[in-house]
Amino acid sequence: MESAIKTIVTTFLSSARGKESLDSKTFQKMVKNQLSGVMEDTNSSSAIKEMQQGLDSDSDGKVDFKEYLSLIGYIANSMSQSKSEPTANSS
Ligand SMILES: [Ca+2]
């Protein structure tokens, strides 16, 4: 549990590289690299863009930590509702 939270935080921090939020390009890359095992459409740039716009609650075009956490919450929620075990992304 603790390591999972740590991974969530360090994934954001290392993707953001010292900035407070992820820009569009960084977000695309992060989703493709880290979430292709748990999300559909991670190969579609337009689908990720759409998802980013949905998360962007302050409409600044970037994904800050709070918005990133909504994505994690969304994924966790869909995992808990699916009957099969989530498949871990091995990469
Ligand atoms: Ca934002």
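Just so we're clear, the structure is a prediction, and the values are computed from it rather than from any experiment.

A. Broad picture of the overall build of the chain. Scanning the chain from N- to C-terminus turns up four helices and two strands. Taken from N to C terminus, the helices and strands of the chain fall in the order α-β-α-α-β-α. Taking 91 residues into account, the globule formula puts the C-alpha radius of gyration at 12 Å, and the chain, at 13 Å, falls close to it. Summarising its shape, the C-alpha atoms of the chain cover approximately 35 × 30 × 25 Å along the three principal directions. The buried share of the chain, taken over its 91 residues, is 27%. A separation of at least 24 residues holds for 50% of the contacts in the chain among residues at least 6 apart in sequence. Surface summary for the chain: the accessible area is close to 6,500 Å², and the carbon and sulfur share equals 51%.

B. How the structure looks around the coordination of the calcium ion. In the first shell of the calcium ion, the protein supplies D56 (OD), D58 (OD), D60 (OD), K62 (O), E67 (OE) and E67 (OE), at 2.2 to 2.4 Å from the metal. Of note, the calcium ion draws all its donor residues from one chain, in the sequence arrangement D-x1-D-x1-D-x1-K-x4-E. We classify D56 as buried; its relative accessible area is 9%. When its relative accessible area of 37% is taken as the criterion, K62 is described as partly exposed.

C. View of the nonpolar core. Within the largest apolar cluster, 16 residues are counted, with the highest numbers of intra-cluster contacts made by L22, F27, V31, M51 and L71. Among the elements of the structure, helix 1 (2-16), helix 2 (24-34), helix 3 (45-55) and helix 4 (65-81) are those that each provide at least two residues to this core. Here this core gets four residues from one element, more than from any other, and that element is helix 4. Residues within four places of L22 in sequence aside, it is in contact with F12, S15, A16, F27, M30, K62 and V63.

D. The arrangement of the side chain of E67 in detail. Inspection of the secondary structure puts E67 in helix 4. Despite its burial, E67 pairs with no opposite charge; the closest candidate is K66, at 7.8 Å N-O. When neighbours within four sequence positions are excluded, E67 is seen to be in contact with L55, D56, S57, D58 and K62.

E. Broad picture of helix 4. Over its 17 residues, helix 4 runs 24 Å from end to end, which matches the ideal 24 Å to within 8%, given 1.5 Å per residue. Restricting attention to buried positions, one finds in helix 4 the residues E67, Y68, L71, I72 and I75. Buried residues along helix 4 cover an arc of 150° about the axis, so they all sit on one side. Exposed side chains of helix 4 directed beyond 90 degrees from the buried face belong to K66, S80 and Q81. Buried residues belonging to helix 4 abut helix 1, helix 2, helix 3 and strand 2 (63-64). You can read the cap of helix 4 off the contacts: a side-chain oxygen lies 3.2 Å from the backbone nitrogen of K66, and it is on D64.

F. Layout of the UniProt feature "domain: EF-hand" (unreviewed entry) in the chain. Residues annotated in UniProt with the feature "domain: EF-hand" (unreviewed entry) correspond here to residues 43-78. For residues 43-78, the helix share is 69%, the strand share is 6%, and the end-to-end C-alpha distance is 19 Å.

Rules used throughout
- Residues numbered from 1 in each chain as written.
- Predicted model: local features only at pLDDT ≥ 70, side-chain atom pairs only at ≥ 80, totals over all residues.
- Heavy atoms only, no water.
- Helix = DSSP H or I, 4+ residues; strand = E, 2+ residues; numbered from the N terminus.
- Rg over C-alpha atoms; globule rule 2.2 N^0.38 Å.
- Buried < 20%, exposed > 50% of the residue type's maximum accessible area, 1.4 Å probe, protein only.
- Contact = heavy atoms within 4.5 Å.
- Areas by Shrake-Rupley, 256 points an atom, 1.4 Å probe, with all protein chains shown as cover.
- Donors = N, O, S within 2.8 Å, 3.2 Å for Na, K, Ca; no water.
- Core = buried A, V, L, I, M, F, W, Y, C linked by side-chain atoms within 4.5 Å.
- Lys, Arg positive; Asp, Glu negative; His and termini not counted.
- Salt bridge = Lys/Arg side-chain N within 4 Å of Asp/Glu carboxyl O.
- Expected span 1.5 Å × (residues − 1).
- Arc of directions from axis to C-beta.
- Polar contact = N/O pair within 3.5 Å; in protein donor to acceptor, adjacent residues only side chain to side chain.
- UniProt positions renumbered as here; feature names shortened; annotations may be inferred.

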